[in-house]
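# Geometric and topological summary
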Amino acid sequence: MNLIQIETDLQNSDFQYRLRAIAALKDYAPDVAVPLLTRHIQDPEFLVRTFVARELGRQQTPESFANLLQIMRFDNTPNVRAEAANSLSLFGKVSASHLVQTFVQDDHWLVRRSILAALIEMECHEEVLEVCGLGIAGEDAAVQEASVGALGSLAGSRQAEVALAQLLDLANSRFDYIRVQVAYALKHFETLEAKEALARLRRDSNHRVVGAAMEDLLRP
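Residues numbered from 1 in each chain as written. Predicted model: local features only at pLDDT ≥ 70, side-chain atom pairs only at ≥ 80, totals over all residues. Heavy atoms only, no water.

## What to know about helix H6 (residues 78-89)
So the rule is basically this: Think of it this way: any DSSP run of H or I at least four residues long counts as a helix, any run of E at least two long counts as a strand, and we number them from the N terminus. Expected span of a helix, by definition, is 1.5 Å for each gap between consecutive residues, and there is one gap fewer than residues. Under the scheme applied here, a residue whose accessible area is under 20% of the maximum for its type counts as buried, over 50% as exposed, and between as partly exposed, the area being computed with a 1.4 Å probe on protein chains only. Throughout, a residue-residue contact means that at least one pair of heavy atoms, one from each residue, lies within 4.5 Å.
Compared with the 16 Å implied by 1.5 Å per residue over 12 residues, the 17 Å span of H6 between its first and last C-alpha is a close match. The element H6 is largely enclosed, with a buried count of 10 among its 12 residues. For H6, the full list of buried residues reads Pro78, Val80, Arg81, Ala82, Glu83, Ala84, Ala85, Ser87, Leu88 and Ser89. Those residues of H6 hidden inside the fold are in contact with helix H4 (46-58), helix H5 (62-74), helix H7 (96-105) and helix H8 (109-121).

## Let's talk about the packing of aromatic side chains
The line we're drawing: To pair, rings of Phe, Tyr and Trp, with the six-membered ring standing in for Trp, must have centres within 6.5 Å; the planes then decide the type, stacked if under 30 degrees apart, edge-to-face if over 60, and tilted in the middle. Two limits define a charge over a ring: the Lys NZ or Arg CZ must be within 6 Å of the ring centre, and within 35 degrees of the ring normal.
In total, this model carries two aromatic pairs according to the counting rule given. Each ring, one from phenylalanine 65 and one from phenylalanine 91, has its centre 5.0 Å from the other, and the planes form 80°; the classification is edge-to-face. Separated by 26 residues along the polypeptide, phenylalanine 65 in helix H5 and phenylalanine 91 in the loop between H6 and H7 bring together distant segments of the chain. There is no split in this pair, since phenylalanine 65 and phenylalanine 91 are both buried. On the basis of an interplanar angle of 35° and a centroid distance of 5.6 Å, the ring pair of phenylalanine 175 and tyrosine 177 is categorised as tilted. Since its relative accessible area comes to 33%, phenylalanine 175 is described here as partly exposed. Here the guanidinium or amino end of arginine 20 rests over the ring plane of tyrosine 17, the centre of that ring lying 4.7 Å away.

Printed below as a string of structure tokens:
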């Protein structure tokens, strides 16, 4: 799509035109694309703002980084904030502290799970351990599950000992869904303590926990 058509479509009241125009900006250099994207970070349609956040992640400039921070912190739609978090992670480890800060301040499950996944992908082990602790201490079951599972990603890292200690403690959780995730996470660790904890979970009172703990043994 040529630039004139893009600029025309960005002014169209039908948001579908704006979506196509924003998607077309991927073929343009940052000095052209980023100013146009910036104009729509407060677009009234959340899908447009989602596309803006996605494209800003591809146009890696200081201005796009700053815009993504603004979107991640202040947009009123969780899907948009989550997309901004994903895009920020594309800038690499420079984004890690900002993602952790948002995890602390934003308690929406989608935003938090997006940040956790991004930190794991970037191998920011210290930050993963930090947000896992926050997620487990929170009240959202989906975030708790993701946080417990994420502790398994720390096996082999410098945070492995602390992560394993948390998992061993959580193996006694009164919540079945937590123990299920502990069973999966413990399989990443090769220590005797991890193997003993898994053996106990295979005798758990809940069949889902038993199934998770035994899953690898049942594979042909």
